[in-house]
Amino acid sequence: MSDSRAPRRLTSRRRLALYAAGAAAASLTLGACGDGASGGSAQTRFVQGKNGVDTVQPDERQPAPDLSGETTTGKKLNVADYKGKVVIVNVWGSWCGPCIAEAANFAKVANETKAKGVQFVGINTRDVEKAQATQFEEEHKMPYPSLFDPQGKLMLRFPKGSLNPQAIPSTIAIDRQGRIAARSIGPLAEDDLRKMVDPLIAEK
């Protein structure tokens, strides 16, 4: 009897393992495409919003790191040059389903807030060729530049204890003084993106 029961137990275990793996993959796909940088420290002082946007009070914000390099179209870009503007940094990849889902929201809000002193910047990561990124930008009519960062090195420049990108997609908001003010991990709906941007536009 022991021989006849063994295959059944093994089959059951295999089914359970496959179910767990499928559930984990589904959860990852719905939330974000993949891990990026390590998380902040226990000293991270941010307020976790119900809309998935974490924010930091002005007196507790940390300076944004050096985010500079070559764009997907081969131009030089340094986010520090946008100091005085609100900068929204979106980490994305052309291969990432949630990035595709949120692209139209970012294009729309970027166009509508440009005149209010907001500059959007992308960080394209994990795409091997620039052509993959530029095709995505053209298809989704992205109106702003993206740094080309195939190995994810720029994501690792964010200081420990800050609101840093931890997945793809992630979105970081930098205030007019060049400090990290807000973060969202995972895709953003248009309304939630505006809730991240609008308070920073209102700041003096």
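Before reading further, recall that the structure is shown in the block above.
Model, not experiment: these values are computed from the prediction.

Reading the values: rules and limits
- Residues numbered from 1 in each chain as written.
- Predicted model: local features only at pLDDT ≥ 70, side-chain atom pairs only at ≥ 80, totals over all residues.
- Heavy atoms only, no water.
- Helix = DSSP H or I, 4+ residues; strand = E, 2+ residues; numbered from the N terminus.
- Buried < 20%, exposed > 50% of the residue type's maximum accessible area, 1.4 Å probe, protein only.
- Lys, Arg positive; Asp, Glu negative; His and termini not counted.
- Salt bridge = Lys/Arg side-chain N within 4 Å of Asp/Glu carboxyl O.
- Contact = heavy atoms within 4.5 Å.
- Axes fitted to C-alpha atoms, helices over the stretch in contact; angles between N-to-C directions.
- Parallel < 35°, antiparallel > 145°, perpendicular 65-115°, else oblique.
- Left-handed = near helix turned anticlockwise from the far one by under 90°.
- Nonpolar A, V, L, I, M, F, W, Y, C, P; charged D, E, K, R; others polar.

## With respect to the side chain of E102
Stage number 1. Structurally, E102 is set in helix α2 (residues 97-113).
Stage number 2. Despite its burial, E102 pairs with no opposite charge, the nearest such side chain being R183 at 13 Å.
Stage number 3. If we skip the residues at most four places from it in the chain, E102 touches N90, P169, G186, P187 and L188.

## Notes on the packing of α2 against helix α4 (residues 190-202)
Stage number 1. α4 packs onto α2 with a crossing angle of 30° between their chain directions and a minimal axis gap of 10 Å. Of the possible angle classes, the one that applies to α2 and α4 is roughly parallel. For the crossing formed where α2 meets α4, the hand is right-handed. On α4, the residues touching N105, F106, K108, V109, E112 and T113 of α2 are E190, L193, R194, V197 and I201.
Stage number 2. Of the residues that constitute the contact of α2 with α4, the class distribution is five nonpolar, two polar and four charged.

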